[in-house]
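# Chain and residue survey
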Amino acid sequence: MACVLNNRSMLDDWQDDWQDEFMESIMMTTEFPARADPATARRLAIDLLPNITRRRADGQAMYFDSELNQALDPLRLQPAVRVRCPKGGCGRGLGFIAIKTQGASIESGNRLSPRSKRIGGIYDLADITQPDGHRTYPGWVEDARAGLGYVFPTGEREGVGSGFDERRQYRCRCGGTYTLTNTELLRLYVGAIALGKAEIPLQLKSAI
Ligand SMILES: [Zn+2]
């Protein structure tokens, strides 16, 4: 038994090392397009908004629609956008969202990373829970599993067998709850860029 445990431990160590090297190689070889200046980003976002549809930005399409993904590339290092409770008289901040480095998918974050680490996109996002070695889930999901934060996974969007928990529910202290798909969050994020805003209410009939 001790031998099995030992072997498992060695395997775990090997996997950890391999994953570290793999991630380092990705970081070194992945070239992100330079962050578009605000005017360019705004123009790109306005052009892009009509193309962000449920068919293209939920389920597996969010990773395989190369046209949509390439159109998003210049926006991937735009600053994270703060989302707010849309209920009148509330307006509390409910964390931040950003586009992931790959895929037409949105990452949530309950807080911002230290200012010195903010280079845009997901690098602006931070979690409440502290990483302890490798995390099994995205940071906001780790927070949710610990009962912390504003946002909780609610599985796939109905009718989309993507295998990804892209749909999520935001919960405000005022009692408001807002469940949004990846498509809806992506429209809000790109909509904020189109409006030149650093924050946006979590409602789909906002100004976008
Ligand atoms: Zn609220």
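For the structure, see preceding data.
Computed from a predicted structure; not experimentally measured.

Overall, antiparallel pairing links the 3 strands, which are arranged β6-β7-β8 in an open sheet. Single-partner strands in this sheet number two, and they are β6 (151-153) and β8 (177-180). Looking at each pair of strands side by side, their axes are set apart by 25° on average, direction ignored. Where strand β7 (residues 168-171) meets β8, 4 bridges bridge the pair, whose relative direction is antiparallel. Among the inter-strand pairings, Gln-169 is bridged to a residue of β8, identified as Thr-179.

Once that is clear, we can look at the packing of helix α2 (residues 38-48) against helix α7 (residues 182-195). Packing of α2 against α7 leaves a shortest axis separation of 7 Å and a crossing angle of 135°. Judged by the angle between their axes, α2 and α7 are oblique. Relative to α7, the crossing made by α2 is left-handed. Packed against α2, whose contacting residues are Ala-41, Arg-42, Ala-45, Ile-46 and Leu-48, the element α7 presents Val-190, Ile-193 and Ala-194 at the interface. Broken down by class, the residue content of the contact of α2 with α7 amounts to 7 nonpolar, no polar and 1 charged.

Calculation criteria
- Residues numbered from 1 in each chain as written.
- Predicted model: local features only at pLDDT ≥ 70, side-chain atom pairs only at ≥ 80, totals over all residues.
- Pairing = 2+ DSSP bridges.
- Helix = DSSP H or I, 4+ residues; strand = E, 2+ residues; numbered from the N terminus.
- Axes fitted to C-alpha atoms, helices over the stretch in contact; angles between N-to-C directions.
- Parallel < 35°, antiparallel > 145°, perpendicular 65-115°, else oblique.
- Left-handed = near helix turned anticlockwise from the far one by under 90°.
- Contact = placed C-beta atoms within 7 Å.
- Nonpolar A, V, L, I, M, F, W, Y, C, P; charged D, E, K, R; others polar.

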